[in-house]
Structure formats: structure tokens, C-alpha cells
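# A closer look at the structure
The lines below spell out each chain.
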Amino acid sequence: MVGLIIRRMLQLVVLLIGISFIVFMSMHLSPGDPASIIGGPTATESDIEAIRNNLGLNDPVLVQYANYMTGVVQGDLGFSYQTKQSVSEAIITRFPNTLNLAIASMIVAVVIGVTAGIISALKQNSWIDVSSTVVSLAGISIPNFWLGTVLILVFSVGLQWLPVGGLSEPFWTIEGMKQLILPAITLGTGSAAMIARMSRSTMLEVIRADFVRTARAKGVKEKTVIWVHALRNAMIPVITVIGLNFGFLLGGTIITEQVFAINGVGRLMIEAIAARDFPMVQGSVLLVAALFVLVNLIVDLIYSVIDPRISYD
Amino acid sequence: MAELLLDVNNLVTKFKTADGKLSAVRGVSFSVNKGETVCIVGESGCGKSITSLSIMNLLPNNGEISEGSVRFLGQELTKMRQDELRKLRGNKMAMIFQEPMTALNPVFTVGFQIREPLKIHKRLSQREAHRKGIELLKQVGIPYPEKRMSQYSHELSGGMRQRVMIAIALACRPSLLIADEPTTALDVTIQAQILDLIDDLKEELGMGVIMVTHDMGVVAEVADRVMVMYAGEKIEEADVESLFSNPQHPYTKGLLKSVPNVDDRNHQLEAIPGTLPNLNEVITGCRFHNRCEFATEKCRTQSPKTFTVNDEHTVRCWLQEVEQHDESAATASSNQ
């Protein structure tokens, strides 16, 4: 177990170096000049050149990358071109909002997904199953920004039950929860749909398994058969999907934060990309990548808890 | 007079399929007495497993008992509510399955799985159930039972897993044990051990045993009575001596001839030609006629009735009519 964690951490380092390189290069190769954006429309050619020199943008790209990585290794993600703020600081202040949103969406996705999947499997081909399939397909197909906008129109503007946007209150207060509901549903629906499909198919397989019949032959109550004997076996592949979906969720926060005006890392990233704020973009992407790897490590550890056949020792 | 444990009468089990409702078991009747081992024999797909699952009411979702009665300890099982049946399953009647690998839950310990029936039916506490579980594992010949309680099925060998299954099945000392090909997935030395174990425990607990198998060697070893099934029907039933020494149905004869003989070097294995019909095949007359070398016109058109060979031996085959007619003619002429 400890070996696995160490191995994964080493892999994470290699991965982050690779990702940072790709992001760095794609930012520098894409059109758009941070210096002219910082200088503004009134800046002269020499002003812009001065800014470029100042930021080290005139050095060869590989030298720039090496300089950047030297800082990263020392825990310094650099300073924003745009606001002059430290990148780490900007990310740390914004990150709790993103994390709250991601976790709330994951809860929505898992609770709705797993429940719908199991009910569909138990009532295979019934109207509940068919409608859950249709809703799932819709959930996978509907884009986040559209769903978010519609939810705001219906529940915030129309019915006025929930706030339009923002995430100003802490999540454990009623107000904070109200603020989280719509963004969490917006972001979680796609994952809920995928988890529902996966839960349904694994559950269908498991309820036909021999050991489920054995449990019934022992006189175990049907509820226990499903929720204890079958569920734990059915969850193993579902957990993989949940872990992978966490990646999609983190990607989805970019749009959802924009729609609901939430000051999170996703919105930070969009603003930074628009402003060609290289250090900020790189810092945010590295954070998201590291988070994704960590979540999948946790998933692997959960496997060994759920399934005794999986052991990392 | 032997005490009647289970009485199955005219059992018909059907499956809903894309081709409509198809019968997997067609009017099967038999009974099991206390302390008796009844073997159900036949090829794969002849309905022997479905018959045993019908008794336990553990049919797959698309299966149902559509006719007939199953009386167990005087109670009619086919009309029973699920919660009442549940009180019998694992308690008064228990079942072990063919694949001990897949029949045990891979994510729970042996201990969890063996304590479960004890807690449900005998209302034992966790600790009492644990102690009883260790005792049961010891009884079925598992070494280091304390250690096994905390192990998972993948950590045990095939024979050990089947012993665990038997221990679970016998936890509440059932009156009836249904063993669905319990030795098919095991290697030969282990097979003999498991059969002996079931036999010993049967004596010890005075259980009735239904042993489903396609292995005539197993039948010879354990059976008191044998029922041969073909394409969903019972075609012959006899006590074990009579069946082996005097088989009547051409299919039974075929089954016995297809057992290899290691003592005779020149022994030619005789296979029964053809294959078992599909559930959706419509067959008129005797269901075996298209594979039977003795089939007559009557066999092709009329379903055979049951003929009595002796008190313990019945067979469904039109050839009997000819034989019994000949015999009675012979007796008649000798009397003259």
C-alpha cells in the first residue's frame, strides 16, 4: 500500500513535468502576446518591448521553460502578468470554491447515479428503467452551460427559490447550500448519467451472479441480498467511473463557474487564458492535473478496501 | 415405512423468452424420503438443475412454476409467500451449487457468509454464530477453521470452497439438501472426498438428499434412487441396483454405455447420437424418438405413457408396451 502511494507520487512528478511542458509550449506557440495585453491599447512598440524584456519573454522558449520550472521546483509558481499577484496565492484563495463545487457535484452525481442505476437494474425494462435511460442519455448530451442557464431561468429568475449565482457563503450554512444547489446539479448531471449507466449494467450482471443465488438460498432477505451482497460487488467498476468523472468535473468547473459567477480556479483559468497570463494558466492546470491523479490514487486505494482480491502489498 | 420429506407432483416450469413461454420442466413427479439420496441424471440442459431450482423457488427472473405442486414437510411450496419461503431456505432446505468459485461472494469473508444463516434462522449472536461457524468448518474437514473464518474465497482451493459451501448449507441442519452437480468443477480425488462428506453428513443429520449430476459414477456411489431426465421429462425412475442392472429406456442404456470402462482395454465408448433438442423445438410423440434407434411409428406420434417394470421401477417408453405384451402373451401361452 505504501509502495503504491510512493510509486504514484513519483509518477505524479513525471506527469506534472510533462503537463507543464505541454501547457507551456502550447501557450507560447499560440497567437496573442501577453506584453501587448498588459501594455493596453495605448502602449507604444517600445513600451511593449520593455515589458517583454522585463517578463523575460524575449529569451528562447526552452530557457523560459527552464526558468519557470526552477521556480516551480522551489514551490514558486511565479507572478500573474496581469495582477502581479502571486499565482499560488491566487489559486489558494480561489481553490476552496472550486473544491466545494466539485465535491457537491460529485455527491449529486453519485447519489443520483447509483440509485437510478440500481433501480433500473432491478426493474429492468420497466417504465422506470426506460425513463431513467432516456434521462441519462439526455443528461450526457446536454451541455453544462445550457443546463446551467435553464436552471437559473427556472429556479432563480422564474420561481425565485434559489440565488442566481455566486458562492459567497460557507457551504455549511443554509445560504451557502442554496448557492451550491444549482451549480452542483449543473455540473453533476453529466456524471450522474454516466454513473447511472455503469451502475445499471454492473448491477444487472451481479444480480445474476451465482453468489447472489447462494445468498437467496441461505434465506437472506431480498433487501440485504441487493444492498449488501450485490451492491459491494457492483460498485467496483462504478468506482472507476466515479474517479474518471472527477476529471471531467474539474474540467466542467470552468464553464459552470463562469455561468454561476463563482470565483473559483476554473474562472481564474478562463480569465488568465484570455489575458495570456502564462504563469496563472500553468499554475491552474498543474493544480487540476495533480488533483486528478490524487483522486485516482484514492480510487485505487478504495478498490483494495471494497475488493479483497485487490491487494497492493 | 420411510418418512416422506418432499413430494413433487406434475411440476411444469416455464421460461419467458423472445420465442414465447417455453417449458424447461414438463410434468415431472418424484419424491424424496428422509435419509434417502435421490439422483437426478441427464445431459446438460435436460432440466435437472431447473427442477432443483424450482423446488427451492430460486428460478431466474424469467422462469416460473406454471403447474404442479411441491410439498415439503407437508407444506405446499408453490403457493407460499416469499417471506415464508425465505424462512425455509437455508434452514429446513439448503442447496449447494456446481461452481464453488462463483457461488461464494468474493468480497465477504468465509466467516461472514457462514454466520449469516445462523444469525437469520437460529437468531444467534455474532459471537455464538462465529463459534458455531468454526465448529461447522471443522465438521466438514477444513483444517485451521479459525483462520479460514477471516479468509476470502479466492484464498481457498476449489475443494476447500466446496467444503465451505457445504458447511454453509448445513449450518442450520436442514432436512433436505439439494446438491446441484457439487463435484463437477472439482478434480477426481477431491470429488470422492466431497461425495463421502455429503454421504456422512446425510447419515449424521438424517437428511434427504437430491443430487443432480450427469456423472453415472457419482450415481453409482451415492444414490438410493435414480431419476433419469431427458428434454424436461422424467423418462425412467428406479432404485440404483435396478437401474444399473436392468435399465429399460434406450436413453438410460445409452447413458450407461457412454461411461468409460477402465478395466476393459477393448471397451468402445458408445455415444448417444444427436443432441438434446432446443427448448423451442416442437417434438411430437416421444421427445427422444429422433435419437432413438428403436423408434417406431407410435413413438413419433404419441407421447409415451408410464409403464411399471416393478414396484420401484417405472419407465416412459413405448417399447415397454411391446415387451410387456410379449411377456403376458408368453405367460398366457405357458399357462395353456
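Residues numbered from 1 in each chain as written. Chains lettered and ligands numbered in written order. Predicted model: local features only at pLDDT ≥ 70, side-chain atom pairs only at ≥ 80, totals over all residues.

## Details of the overall build of chain A
How we decide: Helix numbering and strand numbering both begin at the N terminus, where a helix is a DSSP run of H or I of at least 4 residues and a strand a DSSP run of E of at least 2. Whether a residue is buried, exposed or partly exposed follows from its count of other C-beta atoms within 10 Å of its own C-beta, namely 20 or more, 12 or fewer, or something in between, respectively; the C-beta atoms are built from the backbone.
When its secondary structure is counted, chain A shows twelve helices and zero strands. Starting at the N terminus and walking to the C terminus, you meet the elements of chain A as α-α-α-α-α-α-α-α-α-α-α-α. Judged by the C-alpha coordinates and their principal axes, chain A covers about 85 × 55 × 35 Å. For chain A, the residues scored as buried account for 37% of the 313 residues in total.

## Thoughts on the overall build of chain B
Condition: In this description the radius of gyration comes from C-alpha coordinates, and the expected globular size is given by 2.2 Å times residues to the power 0.38.
Counting its regular elements, chain B contains 13 helices and twelve strands. Relative to its length of 336 residues, chain B is compact, with a C-alpha radius of gyration of 22 Å against a globular reference of 20 Å. C-alpha atoms of chain B, sized along the principal axes, occupy 75 × 50 × 45 Å. Counting over 336 residues, chain B shows a buried share of 43%.

## Points about the packing of helix α5 (residues 87-122) of chain A against helix α10 (residues 222-259) of chain A
Residue and element names in this part refer to chain A. What counts here: To define axes, lines are fitted to C-alpha atoms, for helices over the stretch in contact only, and angles between the resulting N-to-C directions are given on a 0 to 180 degree scale. Roughly parallel covers angles under 35 degrees, roughly antiparallel covers those over 145, roughly perpendicular covers 65 to 115, and oblique covers all other angles. Two helices cross in a left-handed way if the nearer one is turned anticlockwise from the farther one by less than a right angle. They cross in a right-handed way if the turn is clockwise. Contact definition: two residues whose C-beta atoms, as placed from backbone geometry, lie within 7 Å.
Relative to each other, α5 and α10 sit at 140°, their axes nearing to 8 Å. One way to sum up the angle between α5 and α10 is to call them oblique. Of the two possible hands of crossing, α5 and α10 adopt the one that is right-handed. Counting all contacts with α5, which are made through T98, L101, A102, S105, M106, A109, V110, V114 and L122, the residues of α10 involved are I226, V238, I242, N245, F246, L249, L250, T253, T256 and E257.

## Let's talk about the sheet that holds strand β12 (residues 313-316) of chain B
Residues and elements named next belong to chain B. Basically, it comes down to this: At least two bridges found by DSSP between two strands are what make those strands a pair.
One open sheet holds the eight strands; their spatial order is β6-β7-β8-β3-β9-β10-β12-β11, and the pairing between them is mixed. Looking at strand neighbours, the two that pair on one side only are β6 (93-96) and β11 (306-310), the edges of this open sheet. Here the strands of the sheet are splayed against their neighbours by 20° on average, with no regard to which way each runs. Note that strand β10 (residues 233-239) and β12 share two bridges and pair antiparallel. Looking across to β12, one finds that E236 is bridged to V315. Each of β3 (37-41), β6, β7 (176-180), β8 (208-213) and β9 (225-230) is contacted by helix α1 (residues 48-56), which is oriented at about 150° to β7, the strand it contacts most. Sheet contacts for helix α7 (residues 158-170): β6 and β7; angle to β6, the most-contacted strand, approximately 170°.

## What to know about the pairing of β7(B)
Residues and elements named next belong to chain B. Within β7, five of the five residues are buried, which leaves it mostly tucked inside the rest of the structure. Of the two faces of β7, the one lined by L176, I178 and D180 and the one lined by L177 and A179 are each fully buried. Pairing between β6 and β7: four bridges, direction parallel. When the sheet's bridge partners are listed, M95 is paired in β7 with I178. As defined by bridge partners, β7 adjoins β8 across five bridges and the pair is classed as parallel. Along β8, the bridge assignment pairs L176 with G208.

## Overview of the interface of chain B and chain A
Let me state the cut-off plainly: Basically, the charged four are Asp, Glu, Lys and Arg, the nonpolar ten are Ala, Val, Leu, Ile, Met, Phe, Trp, Tyr, Cys and Pro, and anything else, Gly included, counts as polar.
The interface of chain B with chain A comprises 24 residues on the first partner and 18 residues on the second. The greatest single-element share of the side of chain B that touches chain A, amounting to four residues, is contributed by helix α4 (residues 110-121) of chain B. Across the side of chain B that touches chain A, the residue classes break down as 13 nonpolar, six polar and five charged.

## Considering the environment of B:G68
Residue and element names in this part refer to chain B. With respect to the helices and strands, G68 occurs in strand β4 (residues 63-72). Given 17 C-beta atoms within 10 Å, G68 falls into the partly exposed group. As for G68 and C292, which are separated by 224 residues in sequence, their C-alpha atoms are 29 Å apart. Setting aside residues up to four positions removed in sequence, G68 forms contacts with N9, N10, L11 and V12.

## Here's the deal with α4(B)
Of all twelve residues in α4(B), ten are buried; the element is thus mostly enclosed. In this structure, the buried side of α4(B) is in contact with α5 (126-139), α6 (145-149) and α7 of chain B.

## Here we look at the domain arrangement of chain A
Residue and element names in this part refer to chain A. To be explicit about the condition: Throughout, the edges of the domains are those of an automatic or database domain assignment.
Segmentation of chain A into domains returns domain 1 (2-73) and domain 2 (94-274 + 284-306). The gap between the C-alpha centroids of domain 1 and domain 2 is 34 Å. Taken together, the contacts link nine residues of domain 1 with seven residues of domain 2.

## Side note on the sheet that holds β4(B)
Strand pairing in a sheet relies on backbone hydrogen bonds, with the paired strands running either antiparallel or parallel. Residues and elements named next belong to chain B. Taken together, the four strands give an open sheet; going across it, the order is β2-β1-β4-β5, and neighbouring strands pair in antiparallel fashion. One side of each edge strand has no neighbouring strand; the edge strands of this open sheet are β2 (20-33) and β5 (75-76). Across eight bridges, the pairing between strand β1 (residues 4-17) and β4 is antiparallel. The partner of D7 across the bridge, within β4, is R71.

## Looking at the confidence of the model for chain B
Operational definition: You can read pLDDT as the predictor saying how much it trusts each residue, on a scale of 0 to 100.
For chain B, per-residue confidence averages 87 on the pLDDT scale, and residues scoring 70 or more make up 97% of the total. In the predicted complex, the global pTM is 0.79; the interface-specific ipTM is 0.86.

## So, the environment of A:E271
All names here are of chain A. Structurally, the position occupied by E271 is in helix α11 (residues 265-274). A residue is classified by how many C-beta atoms lie within 10 Å of it, and E271, with 16 of them, is partly exposed. In this structure, the C-alpha to C-alpha distance between E271 and Q82, residues 189 residues apart in sequence, is 9.8 Å.

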